[in-house]
Structure formats: structure tokens, C-alpha cells
Amino acid sequence: MTWTQRLTSWLLAALLCGTAFAQGDSAAPALEPEPSVAVLRARLDKIPSTVESNANVRGLLAQINDIASQGEKFVASRSGPLADLNARLGELGNPPAAGATEDPDVTRQRAVLTRQRNALDADVRLAKLLTVDAQQRASELLAQRRALFEAQLTERAASPVGAEFWRDLRDAWSDDTRRMAALGAELRTSVAVAQEPAHRLPVLGTLLAALAIILLGNRLAEHGLARLAARILPAGRLRRSLLVIAIVAANVLLVAGAAHGAFYVLDQHGVWGPQARKAMLALVQSLVFIAFVVGLGRALLSSGRPSWRLPPMSEAVASRLAPMPWLVALVAALVWAPAQLNALVEASFAAVVATHVLTALALTALIAIVLLRLKPLRAEAQSDAAGEHLPAERPMWVGILLACVAVLMIAIWVLVVAGYVAMASFLASQLTWSGIVAAAFYVLFKFVDDLFMATVSSKSAFGQRLQKSFGLEPSTLDQAAVVLSGLGRTALFFYMLVALITPLGTSPAEVFQRSGTFGNGLQIGEFQLVPGAIVSAAAVLIVGFILLRVLKRWLENSYLPETALEPGMRSSITTLLGYAGTIVVVAFAMSALGIGVNRIAWVASALSVGIGFGLQAIVQNFISGLILLAERPVKVGDWVVLGTTEGDVRRINVRATEIQLGDRSTLIVPNSEFITKTVRNMTLANAEGRVLIRLPMPLSTDAKKVRDLMLAACSAHPGVLASPAPGVTLEGVEGGALIFQAIAYVASPRLAGGVRSDLLFEMLDALQGASLPLSVPTMLVAPGAATPMATPQESPPAPSASD
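How each quantity is defined
The residue numbering used here restarts from 1 in each chain and proceeds along that chain's sequence as written. Thresholds applied to this predicted model are a pLDDT of at least 70 for local features of residues and 80 or more for the giving and counting of side-chain atom pairs; totals over whole chains, interfaces and linings are not thresholded and use all residues. No hydrogens and no water enter the side-chain calculation; it runs on all heavy atoms of the structure. Going along the chain from the N terminus, every DSSP run of H or I of four or more residues is numbered as a helix, and every run of E of two or more is numbered as a strand. Each residue's exposure class comes from its accessible area (1.4 Å probe, protein chains only) as a fraction of the maximum for that residue type: buried when under 20%, exposed when over 50%, partly exposed otherwise. By the convention used here, residues are in contact when the closest approach between their heavy atoms is within 4.5 Å. Areas reported here follow the Shrake-Rupley algorithm with a probe of radius 1.4 Å; residue values treat only the protein chains shown as occluding. To define axes, lines are fitted to C-alpha atoms, for helices over the stretch in contact only, and angles between the resulting N-to-C directions are given on a 0 to 180 degree scale. These descriptions rest on fixed angle ranges, namely under 35 degrees for roughly parallel, over 145 for roughly antiparallel, 65 to 115 for roughly perpendicular, and the rest for oblique. By the definition used in this description, the sense in which the near helix is turned from the far one sets the handedness, with an anticlockwise turn below a right angle giving left-handed and a clockwise turn giving right-handed. Under the grouping applied here, Gly and all other residues not named as nonpolar or charged are polar, the nonpolar ones being Ala, Val, Leu, Ile, Met, Phe, Trp, Tyr, Cys and Pro and the charged ones Asp, Glu, Lys and Arg. We call a set of buried Ala, Val, Leu, Ile, Met, Phe, Trp, Tyr and Cys residues a nonpolar core when their side-chain atoms join them within 4.5 Å. Nitrogen and oxygen atoms within 3.5 Å of one another constitute a polar contact, given that in protein one can donate a hydrogen and the other can accept it, and given that sequence-neighbouring residues count only through two side-chain atoms. Strand pairing is assigned whenever DSSP identifies at least 2 bridges connecting the two strands.

1. Let's talk about the overall build of the protein chain
Reasoning step 1: If you tally the helices and strands in the protein chain, you get 26 helices and 12 strands.
Reasoning step 2: Looking at the protein chain as a whole, 33% of its 803 residues qualify as buried.
Reasoning step 3: The long-range share in the protein chain, meaning contacts at least 24 apart out of those at least 6 apart in sequence, stands at 71%.
Reasoning step 4: Total accessible area computed for the protein chain in this model is approximately 45,900 Å², and 65% of it derives from carbon and sulfur atoms.

Here's what the structure looks like:
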């Protein structure tokens, strides 16, 4: 163990020991019993329905959300027992009809279970009603809060360039100073309590441990995560994005743990007074936010480690921007402190106006510093583009965005001068917050894209395993990775919009609660879009098609080969199963999407119009394909002749059939052609092929010897079947020649051409060796003609065809 690891262990041990020492004299609190619906209703009725300030809204919303969550827990805890009671009543059956009798024990048990079920059902209904009422009350308070917020934004105060602003600030100075003195006295009392001998050692040790964890722990965690990522993660974009997220999370967790631990220890020792406790809680929250901003900025810039840098920027740009995260944290602290002090001491209106002015000017100055620091680096970035493969030209949208930021900054300054300081402060805060949110979601967008590209694409190890296991094409995996990445980034974009409106007078928890409201559904006409249902439908489609593909592969490779079915029948079964499975999966997906049978009927009726006009051929071919698979007049592997085309049937698809021709080309034939036209199937009833050879011999030829030679050649060929046995017949005399015809059978018509050629070679060699020449046609020379012509009666027989 290195000295840094030992030091970190000692610091964590000191923090934990301080916490344990603070908890030594306090017993563990007992678990509070679950409140009843009546108690929750009474608590909800005590909450006022109107508010006068935003600070009141925050506390009331927290109480209402707690009541709603307890009501949901109440319903969840009773749903299981209610289902059990309903099941037990179902086992007992319905009460007997009038005049019928049953066992008294059954009647008594049914009555007891019915009373229990009704009581429990009533409690569940009341709890659900309570939850709905709480949500409605929260919505009303949020509406009132938005109205107050809008009123505050449009309120005009004294301009800071006028004398009235400074006169009001001077008049309120004494009252504000007196309030600040009370808070200062309380903080001095807290320091005095912490310095008492009973509290000095644990308080000092806790503070030192928290400070060391915040300062030293972040640096150690960053270096440790970088080494760990280099050791266990493969090189690539995913490692960079994961490292950025891990560094930010580690910084936030370490700072949050140290700050909350120190606050808890000091609170257990009675250090904080009422006002000081609120101030320190706000300070802890501010420290966590500052840690997030600093960690995000340092992780994105990665100064000194260009290989770990996520954004496409040069080392010079990253080095020049390295102080910016700390500057943002410093300005945020300077802006936060006066606002929190105003809320704690209930400062005067003049102090609030001055705080708004300070916020607007400080944040716009921060943004101006960032823009001015980036401006000299554009030429450097363009000059480094050739060496680091960076874009030589800035995108147009970047220029438009910078122009909008500059215009907004000028508008903020004009609002400050005009006296609309609340609006100016809000716009400056919104502009700064938008930059932080954009940086955070840039990391998340990159992470989602890198995650799916590194796991699902055909180039990844997991994608290659998927390709081998399910027989997927590389292009299919790449398309799936792109689609999944797009869906993930779309969901992130929605939550980015939610995060961007967080400063609009609401807290993050309330905004995400609003996002949950969006998740309940968006009504568009008579159709309701529910994000959760869309996700469920997509999951049903993905899982359903994967299971369907696994089932088809199992049938093709494992089960059907063990049966007595021929290959064509196996292909028909798997194809029909694919069609039926696709229909079932799509039906389940539509059901998960909330589309009922009645809506499907409307869609079908609408499609019927299109079918009647433009989709007749497609539907005809689809139905023809189903007929081909069901009746099987043509199946996969058959040799068919369709008009002047002949070849092997390779695949029967939804719309058309693929036929492989003799030259290895593929002919796409619509399925309706096989139903409406005459088709010759060479292998439907009998898969054997026939070879027919006709040879002309002179009249003086020994016919028996010729027959024996031709039969011997057929019997000796390995491709000729023994049953049916080959045969040779004498067809007659044509053109002064004996016509011998040999017929042999082969295993497949596809072999007939090759076997016929082999037999011709063998027969000709055998006849030549036996001095049995073929008949030569008699030629007639016409007077004055240069070329002899064969007489029609003496022309040789036409070459025979093979079946």
C-alpha cells in the first residue's frame, strides 16, 4: 500500500470515527409506524392553498410530495393482500342462488373475507384519492409560484446608474447590518461551542478530514480512475467518455460525502444554531454544485492528457481554458452568498435589488471572459488542424450561437440600466446554467453513442458474439447500434430540456416531477402518446423479434433436421412461423402502445382504400405466397419451368420467389405468376431425372451389339440409377438409318445434362472401338451449287432432349 492510499484511509477513518463519536450518546431512533390515510388526509388539509412567496412554496411542496409518496406506499403495501383476498373469494365462488343451500362454514368464511376485502379496498381507494388530491394541490401551488415568479420578473426597480438606487441602499444599510450582526453573533456562538474541550477534538478532526478528502481525495481519485480505466477498459471512445463520467461522479461523491459528514458531526455536537444551520446546509449544497462544475470542466479539458480529452480541441486550447472551471466556481460562490444571506436574514428590498445587479453583472462578466479567452485561440485551432485532424473551419451554428450569446449579454446590461434587475439576473443565471447543462449533456450524448457503438456494432466483441449466436448481418448490427444510440440521445435531449428550465423558478426535483407528468401521457386529439408505453412497445418489438429469430434458428438447425420432413417443407414451416410470429409480436407491441382492436380496425378500413387503388398487386402476391407455402405446388429446392425460364427455387418471400438460373443469376418472379400461370415442376411428384440419347446407325449394323454397348455404357456410369434400369430400344428406320434410343435415369434432373454428355463420350468411344460407325447423311449437290445440301429425307435425326 502506497503512502497516498494510507493517508486516504486515515482520513476516512478519522471522519468515520468523528461521526461514530458524535452518535455515541444518542440512541438509534425507532422506526416510525406507517401513518393511516386519515392522518395523511389531516396533514394535507392543514397545508394552505395559497402562498405569498417562493420560499413558502418550496416547503409546502416538500410536504405535499411527502404525503403523496406515503400514499403511494400505502397503496402498494395493500395491493398484495387485496389481491390475495380476491383470490380466496374466487376460490369460494359466488353466493348460491335464492333457495339453494351450501355449507355454513363456507358462508361464514365468505362473509368474513368479504368484510376484510371491502375494508381494505376502501382504504386503498381513499389512499389513491389522497394521492390524486396531493398531486392536484402541488400543481396549484406550482401555478401560483409561476405567477409570483412572472410578477417578480416584470417588476421594475431603481436603476443602478441613478441616485435613487444608491439612496435606497444607504437607507436600508443600518437595518441590514443589524440583521447580519445577529447572524454573525450566532456563528460566533457556534465557533465557541466547537472550541469547547468536549467538542474540540472530534470537530477539528472532522474538519481536517473533510478538507483533506475534498482537496487531496479528488486528485487521488482522478489519477486512480485514469490508471484503472487504462488497465481494464479497451482503448476507444467508450473509455474516454466513461472516464469523464467517473471523474465527475467521484468528485461530487467525495465532496458531498465529506461536506455532509462534517455538517452531520458538527450538528450532533450542537454547534449550529437555527440560522447557522440553514446557512451551513446551503453551503453544503453549494459545495456539491461547485464540485460538479469543477469536476466536469477539468474532466472535459483533460489538460496534459490529450488522449483522454473528449471534445475535439488542441492542447493549447485546453491549457488556456484550464482556469475556467475554477473561475466559474468562484463566481458562482460570489453570486450565491449574497442571495443566501438575503434569504436568511430577510434583507431589505434594496439589498435584494443590489443582489440581482451583482448576479447579472458577475455572470455576464464571466461569460465575456470565456468568450474573450476563446477568441485568440481560433487561429491556433485552425493552424493545429492539419497536425491533429481538427476541423479547419468553425461550423456555422457555432457562430450563430456566439452571436446570440453576445446579443443576450447586451440585452442583460440594458435591462440592468433600465431597472429590470430581476429579469436581468434571471437571464444571466439562465445563460450560465445553460452552458453548464450543455457541457454535462454533451458528455452524456457522447457516452450513449460510444456505449452502443462499442457494444452492439459489428466491430465490437459483443457484436461479433451476437453475430455468431443469432446469425445477424454486420449491417444489421450497425443499424441497430445507430438506432439505439438515436433513441438514447432522444431521451437525453428530453431531459436536457427539462434541466434547462430548472432555473425558471422551480427546483430540480419539481422539474423532474413535471417530467414524470409528461411521462404519464401527451394527448394529441383522441390519441395519447405515453413515453413509457413507447419504450415498452420498442422493448416488446426487440425482445419479440430476438426470441422469434432464436426459435426459427432452433427449428432450422436442431429440430426439423431430425424429422422426416424434406428441406422444402422445413423451409415452408419456418417461413410461415416467421410470418405468424411477426404478426403476434407487432400485435403485442401495439397493445403495449395502447392501440386497441377498434383502432386497428379503423386503420385496416383506411388501408382498404389504398389497397383498392394501388396495393392490389402487393396483396395479390402476398396471398399467393401464402398459398404457395400452404399448398406447396412449388417449394424450395424444386426445379421449375415458367415460360421460357427454368431454374431452382431458392426462396419464397412475402411478395416474390427467387429462382436461380443455370448461369447462377437470380430471377425474381412475383408469387402470383405461380398461381395464375402454367408452371412445369420438374421435381414435384418425382425428383428423378431422365437422360435420352438417340443415335443413327447404318442399316448393316449389328443391332444387338450396338444395344449391348449402349447398355454397358449406361450401367457403368456411377450417376445412372440401377432402378429404374436403363434401357435401349430400336425406334425404327429414318432416312436410311437405324435409330437407337437409350433411356437412363439419374437422381435429379439437374444431373441429366452432365450424365448425358458423359454417356455420349463413352458410347462413341465404344462404337468406334468396335468398328461400328455412325450413319452419315446422304448429301446431294445441286447443279451449279458450290455447297452440298442434305436432302430432307436423309437428314439426321434431331438431337434428343434430356428430361
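Next comes the rest of the description.
2. Here we look at the side chain of Ser485
Reasoning step 1: Relative to the elements of secondary structure, Ser485 occurs in helix H18 (residues 474–500).
Reasoning step 2: Discounting chain neighbours no more than four positions away, the residues touching Ser485 are Val448, Asp449 and Phe452.

3. Things to note about the packing of helix H12 (residues 349–374) against helix H15 (residues 396–418)
Reasoning step 1: Contact pair H12 / H15: the axes reach a minimum separation of 10 Å and the direction vectors enclose 155°. In terms of axis orientation, H12 runs roughly antiparallel to H15. Crossing of H12 over H15 shows left-handed handedness. The segment H12 lies against H15, with Val357, Ala360, Leu361, Thr364, Ile367, Ala368 and Leu371 engaging Leu402, Val405, Met409, Ile412, Trp413 and Val416.
Reasoning step 2: Of the residues that constitute the contact of H12 with H15, the class distribution is 12 nonpolar, one polar and no charged.

4. Let's talk about the nonpolar core
Reasoning step 1: In this structure, Met710, Leu759 and Met763 are the most contacted members of the largest nonpolar core, which totals 21 residues.
Reasoning step 2: Other than its neighbours up to four places away in sequence, Met710 contacts Leu695, Val728, Phe740, Ala742 and Met763.
Reasoning step 3: The next biggest cluster of nonpolar side chains, apart from the first, holds 18 residues, and it includes Val353, Ala360, Val421 and Ala424.

5. Focus on the side chain of Arg137
Reasoning step 1: Among the secondary structure elements, Arg137 is positioned in helix H4 (residues 104–153).
Reasoning step 2: Engagement of the side chain of Arg137 in a polar contact is seen with the backbone oxygen of Ile47, the distance being 2.9 Å.

6. Details of the sheet that holds strand E3 (residues 639–642)
Reasoning step 1: Strand order in the open sheet formed by five strands is E6-E5-E4-E3-E7, and the pairing between neighbours is antiparallel. Looking along the sheet, the strands with just one partner apiece sit at the ends: strand E6 (666–670) and strand E7 (680–681).

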